[in-house]
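What the coordinates show
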Amino acid sequence: MMPIGPLMIEHRLIERMIEVMKRQLQRWETEGKADSSFIETAVDFIRTYADRCHHGKEEDILFRDLSKKPVSSDHRRIMEELREEHRWGRETTGRLVEANEAYRNGDAEAVSAILECVKALVEFYPKHIEKEDRYFFLPIMDYFSKEEKDAMLKEEYEFDRVLIHEIYRDKATKAEE
């Protein structure tokens, strides 16, 4: 199995959540209001699953190992674009958190910032995923031997195992505070 298999499976789950966010966005645009609780759920999904788990494996394992290879200028360029897109997603999600907090605190004007951020995210993720699926993940596997692919896959599974403990340790610590 290639180490990108789990990454592409993760893409399918991210796409499902983005589709739900898109439907919520359409409703909110019609109603002129947002659902703060849903936004918290979406932010948690994006930050924990899409960014920390999924992008974490890309950046900490795949990109790290690919950076050690003599790759084509196109593949190196795409890898840097993907890193920058990950940063953009983090920043946009951070703005969404700020807008949602303002909205919860009674700032009715914050709904426009919420809609802007959600719209940006639901437009971004499908394009980002398509770039990875079609133009990056499959072609770059040619740079790796079977043994290297197997080692990355093992490291991805270990990453997931450790991550779940990290998440819930942090939640317990916050609850104690």
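Refer to the structure above for everything that follows.
Below or above, wherever it landed, is the structure these notes cover. The structure displayed is predicted, hence computed values, not measured ones.

Once that is clear, we can look at the nonpolar core. Counting residues in each nonpolar core, the largest one holds 28 residues, and the members touching the most others are Met21, Trp28, Leu96, Ile114, Val118 and Tyr125. Elements with a contribution of two residues or more to this core: helix H1 (4-31), helix H2 (36-67), helix H3 (73-104) and helix H4 (110-140). The contacts of isoleucine 114, once residues within four sequence positions are left out, are Trp28, Ala34, Ile39, Leu96, Ala99, Asn100 and Tyr103. Listed in part, the 20 residues of the second largest apolar core include Cys53, Ile78, Met141 and Phe159.

Interhelical geometry of H2 versus helix H5 (residues 146-176) gives an angle of 145 degrees and a closest axis separation of 11 Å. For the pair H2 and H5, the crossing hand works out as right-handed. Contact residues: H2 offers Asp44, Thr48, Arg52, Cys53, Gly56, Lys57, Asp60, Ile61, Leu62, Arg64 and Asp65, while H5 offers Met152, Glu155, Glu156, Phe159, Asp160, Leu163, Glu166, Ile167 and Lys171. Residue composition of the contact of H2 with H5, by class: seven nonpolar, two polar and eleven charged.

Where H3 contacts H4, the two axes come as close as 9 Å, and the packing angle between them is 160 degrees. With respect to each other, H3 and H4 are oriented roughly antiparallel. The two elements H3 and H4 meet at a crossing, and its hand is left-handed. Taken together, the residues that form the contact of H3 with H4 break down as 21 nonpolar, seven polar and five charged.

Turning our eyes to something else, we now look at the packing of aromatic side chains. What the rule picks out here adds up to six aromatic pairs. When the ring of phenylalanine 63 is compared with that of phenylalanine 136, the centres are 5.9 Å apart and the planes differ by 85 degrees; the resulting orientation is edge-to-face. With phenylalanine 63 in helix H2 and phenylalanine 136 in helix H4, this pair connects stretches of sequence that are 73 residues apart. Neither residue differs from the other here; phenylalanine 63 and phenylalanine 136 are each classed as buried.

What counts as what
- Residues numbered from 1 in each chain as written.
- Predicted model: local features only at pLDDT ≥ 70, side-chain atom pairs only at ≥ 80, totals over all residues.
- Heavy atoms only, no water.
- Core = buried A, V, L, I, M, F, W, Y, C linked by side-chain atoms within 4.5 Å.
- Buried < 20%, exposed > 50% of the residue type's maximum accessible area, 1.4 Å probe, protein only.
- Helix = DSSP H or I, 4+ residues; strand = E, 2+ residues; numbered from the N terminus.
- Contact = heavy atoms within 4.5 Å.
- Axes fitted to C-alpha atoms, helices over the stretch in contact; angles between N-to-C directions.
- Left-handed = near helix turned anticlockwise from the far one by under 90°.
- Nonpolar A, V, L, I, M, F, W, Y, C, P; charged D, E, K, R; others polar.
- Parallel < 35°, antiparallel > 145°, perpendicular 65-115°, else oblique.
- Phe/Tyr/Trp six-rings, centres within 6.5 Å; stacked < 30°, edge-to-face > 60°.

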